[in-house]
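# Survey of secondary and tertiary structure
What follows is each chain in one-letter form.
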Amino acid sequence: MKVKHELLRAFCVDAMVKFDMDKSDAETTADVMVTTDLMGINTHGSKQLYLLLKNMKEGGLSVKTKPEVVDEGPGFAVIDGNFAMPMVTATKAMNLAIKKAKETGIAYVGVKGSSHFGAAGFYANMAAKEGLIGLSMSNVDPCMAVPGGKTPHFGTNPIAYAIPTSNGKSVFLDIATSVSAVSKIFAAKILGKSIPDGWLIDSDGKPTNDPMKYPQDACILPMAGHKGYGIAVLIEVLSAIVTGASFTLDVPCWVRDFSKPANQGHAFIAIDIKKIIPIADFESRMNKMINQIHDAPKVDGIEKIYLPGEMEWEKYDRQLKEGIELPEDVVINLKKLAEELDMNMDEYLK
Ligand SMILES: NC(=O)c1ccc[n+]([C@@H]2O[C@H](COP(=O)([O-])OP(=O)(O)OC[C@H]3O[C@@H](n4cnc5c(N)ncnc54)[C@H](O)[C@@H]3O)[C@@H](O)[C@H]2O)c1
């Protein structure tokens, strides 16, 4: 299904307002989701609204609470999300990191009392939009084995960075530290597809391509073995150990028990480049690096070498003009939401 981004945003906002969310919080959440869809990261865009609102309905999240700053200094803060909509909490946290970094040069804002915040890249890009380098990350309920283990221990712990450039399009990497995001496994389940080699091991520690075994009888592997695992540990510390959020085996799964607050943690870091190097110098050095990468000799059959984030920006520009191509699993979730809220989806998603 192809949908105009303004209409998808209107559908998401109206659904949240029907749920009694503040209109401004609904708009913040919809902006995170629809921007993520525009970039083609459909596993983490509007698809997640159905499940987040199910958490609100059953008690895992609260429609009435607001995130609040519970500790702060010149270059840091901790926010308690109070189980409000995670996109609202995460946006507030990155805005605060940006504000503090503009004063101090660098700032960290940690979050506890949150849940699934969607694609990490959105928040890193908030900093890049303001001319700062941004980093964002989150811990997640356990579903990933540690090297040598055969049971879940860490979550897929996503991390993103975004670096501003002179053309307004950041260089950004946005990844899970597992070999893939679990949403891709759930999407394969819904679509009846098998999954690639090297993603899952079963409860005996043997490789499997069967997404139906996940999560009861299988767990996902870290990306690049010990390397992804090592970065997942850092994310767990910055997002949860430091902030007071739940960590590793104690993080409830927000899509399994909708009534239990997940108490996930996030971390946001902003670096004000111009406090370190004149912005013109930074931009010219970045452009030189970007040009060198684009001009690298290519292997046969490759037309273009991409910077991290470049594919997403190409999709963003195209879908902004032509409409967002929503995969079937996203449409299924939006339809379920429309049905439950007695909304006429055809009015929006034409
Ligand atoms: N909130 C959560 O609980 C959670 C958990 C896990 C993942 N996620 C999200 O899932 C999404 C997908 O994660 P993933 O690990 O499947 O990502 P992925 O493996 O699809 O990698 C995407 C990243 O790699 C870059 N990339 C891909 N191919 C490239 C190439 N040839 N050259 C240069 N760069 C290239 C992209 O620009 C992008 O930054 C992310 O948005 C992540 O934040 C969220």
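Residues numbered from 1 in each chain as written. Predicted model: local features only at pLDDT ≥ 70, side-chain atom pairs only at ≥ 80, totals over all residues.

### Quick word on the site of the ligand
The line we're drawing: Nearness between a residue and a molecule or strand is assessed with a C-beta atom placed from the backbone; a distance within 6 Å qualifies. Here a helix means four or more residues in a row that DSSP labels H or I, a strand means two or more in a row labelled E, and each is numbered from the N terminus. Polar here means any residue outside two lists: the nonpolar Ala, Val, Leu, Ile, Met, Phe, Trp, Tyr, Cys and Pro, and the charged Asp, Glu, Lys and Arg; Gly therefore counts as polar.
The ligand sits among 27 residues. The nearest are Ala119, Ala120, Pro158, Ala176 and Ala181. Breaking the shell around the ligand down by element, the ones donating at least two residues are α5 (120-129), β7 (171-175) and α9 (310-322). At four residues, the largest contribution of residues to the shell around the ligand is made by β7. Classifying every residue of the shell around the ligand by side-chain character gives 15 nonpolar, nine polar and three charged.

### Thoughts on the sheet that holds strand β2 (residues 68-73)
As a reminder, the rule being used: Only strands joined by at least two bridges in the DSSP assignment are considered to pair. Orientation is described by lines fitted to C-alpha atoms, with helices fitted over the stretch in contact, and by angles between N-to-C directions that extend from 0 to 180 degrees. Residue pairs are scored as contacts if the distance between their C-beta atoms, which are placed from the backbone, is within 7 Å.
With mixed pairing, seven strands are arranged side by side in an open sheet as β2-β3-β4-β11-β5-β6-β7. In this open sheet, the two edge strands, each paired with only one partner strand, are β2 and β7. Ignoring which end each strand starts from, the neighbouring axes of this sheet average 10° apart. Against the sheet, helix α4 (residues 86-104) touches β3 (76-80), β4 (106-114), β5 (133-138) and β11 (264-271), its axis set at about 160° to β4.

### Overview of the nonpolar core
Just so we agree on the cut-off: We call a set of buried Ala, Val, Leu, Ile, Met, Phe, Trp, Tyr and Cys residues a nonpolar core when their C-beta atoms link them within 7 Å. Note on burial: count the other C-beta atoms lying within 10 Å of the residue's C-beta; 20 or more is buried, 12 or fewer is exposed, in between is partly exposed, and C-beta positions come from the backbone.
In terms of nonpolar packing, the biggest core is built from 96 residues, with Cys12, Ala97, Ala124 and Ala127 touching the most fellow members. Tallying contributions element by element places α4 first for this core, with eight residues. Those residues in contact with Ala127 that sit more than four places away from it in its chain are Met94, Ile98, Leu132, Ile133, Gly134, Ala162 and Ala270. One finds Ala240, Phe247, Trp254 and Ala262 within the second-largest nonpolar core, a separate group that totals seven residues.

### Observations regarding helix α3 (residues 49-58)
Let me state the cut-off plainly: This arc describes the spread of directions from the helix axis toward the C-beta atoms.
Within the span of α3, buried status applies to Leu49, Leu52, Leu53, Asn55 and Met56. Summarising the axial view, the buried residues of α3 lie within an arc of 150°, below the 170-degree limit, and thus occupy one face. On its buried side, α3 packs onto α1 (5-18), α2 (23-38) and α10 (328-340). One or two steps after α3, the chain reaches Gly59, where phi turns positive at roughly 110°.

### Side note on the environment of Ala93
Tracing the sequence through the fold places Ala93 in helix α4. Between the C-alpha atom of Ala93 and that of Glu103, which follows or precedes it by ten residues, the distance is 16 Å. Residue contacts for Ala93: discarding those within four places in its chain leaves Ile79, Val109, Val111, His266 and Phe268.

### As for the sheet that holds strand β8 (residues 200-202)
Pairing in this open sheet of three strands is antiparallel, and the strands run β9-β8-β10 from one edge to the other. Edge strands, defined here as strands with exactly one partner in the open sheet, are β9 (207-208) and β10 (218-220).

### Some thoughts on the pairing of strand β6 (residues 159-163)
Within β6, five of the five residues are buried, which leaves it mostly tucked inside the rest of the structure. Side-chain alternation along β6 places Ile159, Tyr161 and Ile163 on one buried face and Ala160 and Ala162 on a second face that is also buried. Bridge count for β6 against β7 is five bridges, and the pairing is antiparallel. Within β7, the position partnered with Ala162 by the bridge is Phe172.

### Section: unusual backbone geometry
Residue Pro215 is reached from Tyr214 by a cis peptide bond, and omega for that bond is 5°. Inspection of the secondary structure puts Pro215 in the loop between β9 and β10. Even without being glycine, Asp20 reaches a positive phi, approximately 80°. Within the secondary structure, Asp20 sits in the loop between α1 and α2. The class of Asp20 is exposed, set by 10 C-beta atoms lying within 10 Å. With a phi close to 50°, Asn263 is a non-glycine residue in the positive phi region.

### Considerations on the pairing of β11
Counting buried positions over the eight residues of β11 gives seven, a clear majority of the element. In this sheet, β11 lies alongside β4 in antiparallel orientation, the contact comprising seven bridges. Looking at the pairing, Ile106 lines up with Ile271 of β11. Strand direction decides the pairing type here: β5 and β11, joined by six bridges, are antiparallel. Residue Ser138 lies in a different strand from β11, and its bridge partner there is His266.

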